[in-house]
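Chain by chain, the residues run as shown.
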Amino acid sequence: AHHYGHEVLSLDLDAELQRIGIKWQQAKWENSPTPVTFRPHKVERNDAAFTALLGHHVLSTGLHTCGGLALAQIEAAAAAGAGLMNLGCCYHKLADGEWNLSQGPALPLNLYALTLAAGAHRKVTVADVAFRHQVKRFRYALHMYLVDEHGIVGNVTLGNCPPALYQASFAAYAREQLNRLGVATAVSDAALNAYSADTARGTLVQNMIAAGIVRDVLGRPLELAILLDRARWLEEQSLRAKLVEVFDPAVSPRNILLSAWPSSGGTLPASPA
């Protein structure tokens, strides 16, 4: 808007973020002849109001479009014959039927595969790997404790703790997490630490971590399979589609851009140098 004079409309369901955008614009580009228009709006699939904003003269852009939001943008762009630039995100938030869109081979994905695809596929150091393994040791042991001592099974979401807690005792970590989960326990710190230090349990945890190393390698290919399916679907709708890595994953692991343009005109963005 401010550097190239294009008309730009920002849509976001978070009204507060839009207010921040307005303040930022007033602070940096108060006298711009082409100010950005900010409008609170939740873009959804089959969103007629959103689709009506698009057309052959419009480039629809979406950064970190979580779950089904990516499909809402992609489908609307295809229906309106608009240009598209999309960065998908949070594949584990996709609902049933929101992958395997194209007529290509269907992958039998589940929540675990979708979560793996949404992992942070960035370069890491040896120290990073060691810290991740420590996190997993504590998390796996806590999940086992929840099952063995409290009968809590299934998918239990454990939040991230301050990094220092992973360097402390298992008891300190467990108490912080149990408090978050609202699980009361009268077990002593010594008993909690002994539970984590059990030899057989420690061997099982190490085997789980080793299996995870092999499993994690599949994260990026799974993400690319999801994105290639979307690109193929766009081409089935008579658009030209392209996937390209647009920046270093250290900036963000969601760095694969899906771009598309009507076959009747326009050009796709060039690949970066």
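Residues numbered from 1 in each chain as written. Predicted model: local features only at pLDDT ≥ 70, side-chain atom pairs only at ≥ 80, totals over all residues. Heavy atoms only, no water.

J.: It is not clear to me how the pattern of salt bridges should be interpreted in this structure. Could you clarify?
T.: Close approach of charged atoms lets side chains of opposite charge pair. Taken as a whole, this structure holds 12 salt bridges when the rule is applied. For Asp216, the salt bridge identified is with Lys136, shortest N-O distance 3.4 Å. Of this pair, Asp216 sits in helix 9 (residues 199–216) while Lys136 sits in helix 5 (residues 126–150); the two residues are 80 residues apart in sequence, bridging distant segments of the chain. A residue is classified by how much of its surface remains accessible, and Asp216, at 38% relative accessible area, is partly exposed. Given the relative accessible area of 22%, Lys136 is considered partly exposed. With its nearest N and O atoms 3.0 Å apart, the salt bridge here joins Arg180 to Glu176. With Arg180 and Glu176 both in helix 7 (residues 170–181), this residue pair falls four residues apart, about one helical turn. Classification of Arg180 as partly exposed rests on a relative accessible area of 42%. Relative accessible area serves as the criterion here: at 23%, Glu176 is assigned to the partly exposed category. Among the charged side chains, a salt-bridge network with shared partners connects Arg45, Glu75 and Glu98. (Salt bridge = Lys/Arg side-chain N within 4 Å of Asp/Glu carboxyl O. Helix = DSSP H or I, 4+ residues; strand = E, 2+ residues; numbered from the N terminus. Buried < 20%, exposed > 50% of the residue type's maximum accessible area, 1.4 Å probe, protein only.)

J.: Would you take a moment to explain the packing of helix 7 against helix 8 (residues 189–197) for this structure?
T.: The relative placement of two packed helices comes down to the angle between their axes together with the axis-to-axis distance. Where helix 7 contacts helix 8, the two axes come as close as 8 Å, and the packing angle between them is 105°. Comparing their axes, helix 8 and helix 7 come out roughly perpendicular. Here Phe170, Ala171, Ala174 and Arg175 of helix 7 lie close against helix 8, whose contacting residues are Asp189, Leu192, Asn193 and Ser196. Across the contact of helix 7 with helix 8, the residue classes break down as four nonpolar, two polar and two charged. (Axes fitted to C-alpha atoms, helices over the stretch in contact; angles between N-to-C directions. Parallel < 35°, antiparallel > 145°, perpendicular 65-115°, else oblique. Contact = heavy atoms within 4.5 Å. Nonpolar A, V, L, I, M, F, W, Y, C, P; charged D, E, K, R; others polar.)

J.: So what exactly am I meant to see when it comes to the sheet that holds strand 5 (residues 239–245) here?
T.: Strand pairing in a sheet relies on backbone hydrogen bonds, with the paired strands running either antiparallel or parallel. Across the sheet, four strands lie side by side as 3-4-6-5; this open sheet has mixed pairing. The outermost strands of the open sheet, each flanked by one partner alone, are strand 3 (59–66) and strand 5. When strand polarity is set aside, the average angle formed by the axes of neighbouring strands in this sheet is 15°. Pairing geometry for strand 4 (residues 83–89) and strand 6 (residues 256–262), over three bridges, is antiparallel. When the bridges of strand 6 are listed, Met85 appears paired with Ser259. Contacts from helix 10 (residues 219–236) reach strand 4, strand 5 and strand 6, with the element oriented near 160° to strand 5. (Pairing = 2+ DSSP bridges.)

J.: In this structure, what is going on with helix 9? I would like to understand it.
T.: At 3.6 residues per turn, the α-helix brings residues three or four places apart onto the same side. The terminal C-alpha atoms of helix 9, which comprises 18 residues, lie 25 Å apart, in line with the 26 Å expected from a rise of 1.5 Å per residue. Within the sequence span of helix 9, burial applies to Arg201, Val205, Ile209 and Gly212. When helix 9 is viewed along its axis, its buried side chains cluster within an angular range of 80° and face the same direction. Facing away from the buried side of helix 9 by more than 90 degrees, the exposed set consists of Thr199, Ala200 and Val214. Where helix 9 is buried, its residues meet helix 5 and helix 8. One side-chain oxygen of the residue at the start of helix 9 lies 3.3 Å from the amide nitrogen of Ala200, identifying that residue as Asp198. (Expected span 1.5 Å × (residues − 1). Arc of directions from axis to C-beta. Polar contact = N/O pair within 3.5 Å; in protein donor to acceptor, adjacent residues only side chain to side chain.)

J.: Please clarify how the nonpolar core should be interpreted in this entry.
T.: Most often, soluble globular proteins have nonpolar side chains that are buried together. Counting residues in each nonpolar core, the largest one holds 22 residues, and the members touching the most others are Leu142, Tyr145, Tyr166, Phe170, Tyr173, Leu178 and Leu192. Those elements that provide at least two residues to this core are helix 5, helix 6 (163–166), helix 7, helix 8 and helix 9. Looking at this core, the element that brings in the most residues is helix 5, giving seven residues. Excluding its chain neighbours within four sequence positions, the residues that come into contact with Tyr166 are Phe131, Gln134, Val135, Phe138, Arg139, Gly159, Asn160, Cys161 and Tyr173. Judged by nonpolar contacts, the second largest core, of 19 residues, contains Leu84, Ala231, Leu239 and Ala241. (Core = buried A, V, L, I, M, F, W, Y, C linked by side-chain atoms within 4.5 Å.)

J.: When you look at the environment of Leu13 in this model, what are you seeing that I'm missing?
T.: Position of Leu13 relative to the elements: it lies in the loop between strand 1 (9–12) and helix 1 (15–28). Given a relative accessible area of 61%, Leu13 falls into the exposed group. For Leu13 and Val43, which are 30 residues apart along the polypeptide, the C-alpha to C-alpha distance reads 7.5 Å. Discounting chain neighbours no more than four positions away, the residues touching Leu13 are His41 and Lys42.

J.: How should unusual backbone geometry be read in this particular structure?
T.: Most peptide bonds take the trans configuration, and most residues that are not glycine carry a negative phi. Although it is not a glycine, Asn100 adopts a positive phi angle of roughly 55°. Assessed through its relative accessible area of 27%, Asn100 is described here as partly exposed. One non-glycine residue, Ser238, adopts positive backbone phi at about 70°. With respect to the helices, strands and loops of the structure, Ser238 is situated in the loop between helix 10 and strand 5. Judged by its relative accessible area of 51%, Ser238 falls in the exposed class.

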